[in-house]
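Now for the letters of each chain:
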Amino acid sequence: MMDDGAAAVAAAGVKMPRLAPHSLSKGVLGFADDEEDDDDLEVFSKTTRSEFDSSEHEVRRRYQDFFWLKDQLEQAHSTLILPTLPEKFAVRGMVERFNEDFIEMRRKALHKFLNRIADHPTLSFNEDFKLFLTVQDLASQKKISSAFISKMEETFRAVASSVKSIKNRPDEFTAMYEYADVFHQKIGRLDRINQRIVKELKEYSAAMKEYSPVYTLWSGYEKELAEPLTGIASSIDSCCKAAEGFTVGISENFLPAVHEYILCDETLKSVLKRRDLIQADYDSQIDALTIKKAEKDMLDDSDLSFKFGALLGKSMEEMKQQKQQKIDHEIEELQTGIARLEDEVEYANKNLKADWKRWSLNMRSDMKSALSNMAENNIHYFEECLATWESFLSMQQTEIKMDENNKNSG
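Predicted, not measured: the structure shown is a model, and the values here were computed from it.

The geometry of two aromatic rings is summed up by the distance between their centres and the angle between their planes. The tally for this structure, following the rule as stated, stands at 15 aromatic pairs. Taken together, a centroid distance of 5.3 Å and an interplanar angle of 65° make the contact between Tyr63 and Phe67 edge-to-face. Of this pair, Tyr63 and Phe67 both sit in helix α1 (residues 63–76), four residues apart, which is roughly one turn of that helix. Given a relative accessible area of 2%, Tyr63 falls into the buried group.

See the structure below:
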């Protein structure tokens, strides 16, 4: 169990159809795929938080429900960096959709998505996250908000796309933009090379499978060479299996880890644009206030319009007073709005800086783990191949010495 102040849920054991339960770290949150519908999932959760009506919940969710949750979180916390969701369809270079490997990969990714939310000091308290974990009929909740949210998204994206530059963006956020651009270039190139490596490894394995039978067939025609030829064939088969395992390691572990952060890049830039949008609104209000104050200062110099009004029977002093009151009211409204937006900018900046640090720590931890796994995968592959060929070579050297001894004794 977790402390009351900790995240609402934590990582869990998850079972898959026709497979034994998976045992993961903390054993309290998970989901299982339905045998007949790969989009139908069971989500299990435990918590000690008082706002939950029960300490344990079990609900059924579809893949699209996870997207609904992310949309809700994005609307409620626009300047927080949300965890990424796995793509519904298999990415080139990874496993095919609907097979057990793909379902397992997606299970792990969804599992990480929920746990990242659960571990977040703000997102874990979101009401929609609570609904996602506890409400049996989520469809009714989605109907209430979906139309409103879609309208908001369209408006927000249209406005956000129009924000081209910010006059007073702090240097640290400009640095974040620059980092995101470089990160996208590096991680994208790494992903493309990884996919090419996986493709070439699969082609190599396919060629090796054709290579081994050639030696086996040859051994049937060369009795004196039958033993080394079959040994070569067996060694090639062993190396082929090792190469397949090596390819699976890259496809199921390293490639998904890299691809996750390609998806993260879009999230980072969206969050930065949303922060800029808030500041752009603040800056425009500051500009409007400056104009209004200048208009107020020029009020005494604009007697011509008041004289024209006097010709229509209106008092110049009365007209000036009305104009003054109108400008004062507009200035007051602008000052109130500026004070509110100033708080919003400060809140957005604080949230984004904290989340950027959290995201950076998670990214570095994930990449270090993926790189370590890749190193272990490489070592295992080459050690397996080395052991195979050393064994073959040792046997051949023994045979050669026996042949030489037989010649000498003859």
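Below, the discussion takes up the side chain of Arg274. In this structure, Arg274 sits in helix α6 (residues 226–297). On the basis of relative accessible area, Arg274 is assigned to the buried category, the value being 6%. A distance of 2.5 Å separates a polar side-chain atom of Arg274 from the backbone oxygen of Ser78.

Let's shift gears to the packing of helix α5 (residues 171–219) against α6. At their nearest, the axes of α5 and α6 sit 7 Å apart, and the two run at 165° to each other. Here α5 is positioned roughly antiparallel relative to α6, judged by the angle of their axes. Regarding α5 and α6, the two cross each other, and that crossing is left-handed. Each residue belonging to the contact of α5 with α6 can be placed in one class, and the counts come to 31 nonpolar, 12 polar and 11 charged.

To continue, consider the environment of Leu131. Mapping Leu131 onto the fold places it in helix α3 (residues 127–134). Ignoring any residue separated from it by four or fewer positions in sequence, one finds Leu131 in contact with Arg61, Leu138 and Gln141.

Taken together, Trp218, Tyr221 and Leu225 make up a surface patch of nonpolar side chains, about 380 Å² in accessible area. Take Trp218: it is sitting in helix α5.

Moving on, we come to the packing of α1 against α3. Look at α1 against α3: their axes get within 9 Å of each other, and the N-to-C directions meet at 165°. With respect to each other, α1 and α3 are oriented roughly antiparallel. Relative to α3, the crossing made by α1 is right-handed. Where α1 approaches α3, its residues Asp65, Phe66, Trp68, Leu69 and Gln72 are matched on the opposing element by Asp128, Phe129 and Phe132. Here the residues of the contact of α1 with α3 sort into five nonpolar, one polar and two charged.

This brings us to α3. Counting buried positions over the eight residues of α3 gives seven, a clear majority of the element. Looking only at α3, the buried set comprises Asp128, Phe129, Lys130, Leu131, Phe132, Leu133 and Thr134. For α3, the capping residue at the N-terminal end is Asn126, with a side-chain oxygen 2.7 Å from the backbone nitrogen of Asp128.

This brings us to the confidence of the model for the protein chain. Taken over all residues, the pLDDT of the protein chain has a mean of 80, while the share at 70 or more is 77%. The element-level mean pLDDT for the protein chain is lowest in strand β1 (residues 30–33), coming to 45, with α5 highest at 93. Within the model, the stretch residues 1–36 combines pLDDT values under 50 with 110 contacts to residues more than four positions away or in other chains. In the model, residues 158–164 has pLDDT below 50 throughout and makes four contacts with residues more than four positions away in sequence or in other chains.

Here is what the cut-offs are and how they apply
- Residues numbered from 1 in each chain as written.
- Predicted model: local features only at pLDDT ≥ 70, side-chain atom pairs only at ≥ 80, totals over all residues.
- Heavy atoms only, no water.
- Phe/Tyr/Trp six-rings, centres within 6.5 Å; stacked < 30°, edge-to-face > 60°.
- Helix = DSSP H or I, 4+ residues; strand = E, 2+ residues; numbered from the N terminus.
- Buried < 20%, exposed > 50% of the residue type's maximum accessible area, 1.4 Å probe, protein only.
- Polar contact = N/O pair within 3.5 Å; in protein donor to acceptor, adjacent residues only side chain to side chain.
- Axes fitted to C-alpha atoms, helices over the stretch in contact; angles between N-to-C directions.
- Parallel < 35°, antiparallel > 145°, perpendicular 65-115°, else oblique.
- Left-handed = near helix turned anticlockwise from the far one by under 90°.
- Nonpolar A, V, L, I, M, F, W, Y, C, P; charged D, E, K, R; others polar.
- Contact = heavy atoms within 4.5 Å.
- Patch = residues over 30% accessible without salt bridge, like charges linked within 9 Å, V, L, I, M, F, W, Y side chains within 5 Å.
- Areas by Shrake-Rupley, 256 points an atom, 1.4 Å probe, with all protein chains shown as cover.
- Salt bridge = Lys/Arg side-chain N within 4 Å of Asp/Glu carboxyl O.
- pLDDT = per-residue confidence, 0-100.

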